[in-house]
Amino acid sequence: MDGARTGTASRAGARTGAAQYEYRQVTLDPSTSRAQARTLLTEEAEYGRWELARTLLYAGGRRRVWLRRKIIRVRSTL
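I will try to describe carefully the structure that is included in this document. (Residues numbered from 1 in each chain as written. Predicted model: local features only at pLDDT ≥ 70, side-chain atom pairs only at ≥ 80, totals over all residues. Heavy atoms only, no water.)

1. A word on the pattern of salt bridges
One pass over the structure, following the stated rule, counts three salt bridges. Between Arg69 and Glu22 there is a salt bridge, with the nearest N and O atoms lying 3.3 Å from each other. Pair noted here: Arg69 is in strand E4 (residues 63-70) and Glu22 is in strand E2 (residues 21-28), with a separation of 47 residues, a long-range link. Across the pair Arg24 and Glu44 runs a salt bridge whose closest N-O atoms are separated by 2.8 Å. Here Arg24 is found in strand E2, whereas its partner Glu44 is found in helix H1 (residues 34-48), with 20 residues between them in sequence. (Salt bridge = Lys/Arg side-chain N within 4 Å of Asp/Glu carboxyl O. Helix = DSSP H or I, 4+ residues; strand = E, 2+ residues; numbered from the N terminus.)

2. Examining the packing of aromatic side chains
All chains considered together, the criterion is met by one aromatic pair. Between the NZ or CZ atom of Arg54 and the centre of the ring of Trp66, over which it lies, the distance is 5.0 Å. Over the aromatic face of Tyr58 sits the side chain of Arg62, whose NZ or CZ is 4.4 Å from the ring centroid. (Phe/Tyr/Trp six-rings, centres within 6.5 Å; stacked < 30°, edge-to-face > 60°. Lys NZ or Arg CZ within 6 Å of the ring centre and 35° of its normal.)

The structure is reproduced here in structure tokens:
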């Protein structure tokens, strides 16, 4: 999986009171097998607490995957 993925993280805000999510985009090369992609996404879900938001498969075989996770804000109790 060397060079098979690139990732960028960005924060996207939602309306006040609604859940806010952090998004990450992962691009997989056409040479990445489905099994390798599944393993990569499973590890991201288990250890990084990411969930699958969207996938896109291009004609050349490249895959783009959007992952998301809730932004947890800690409030001071002092």
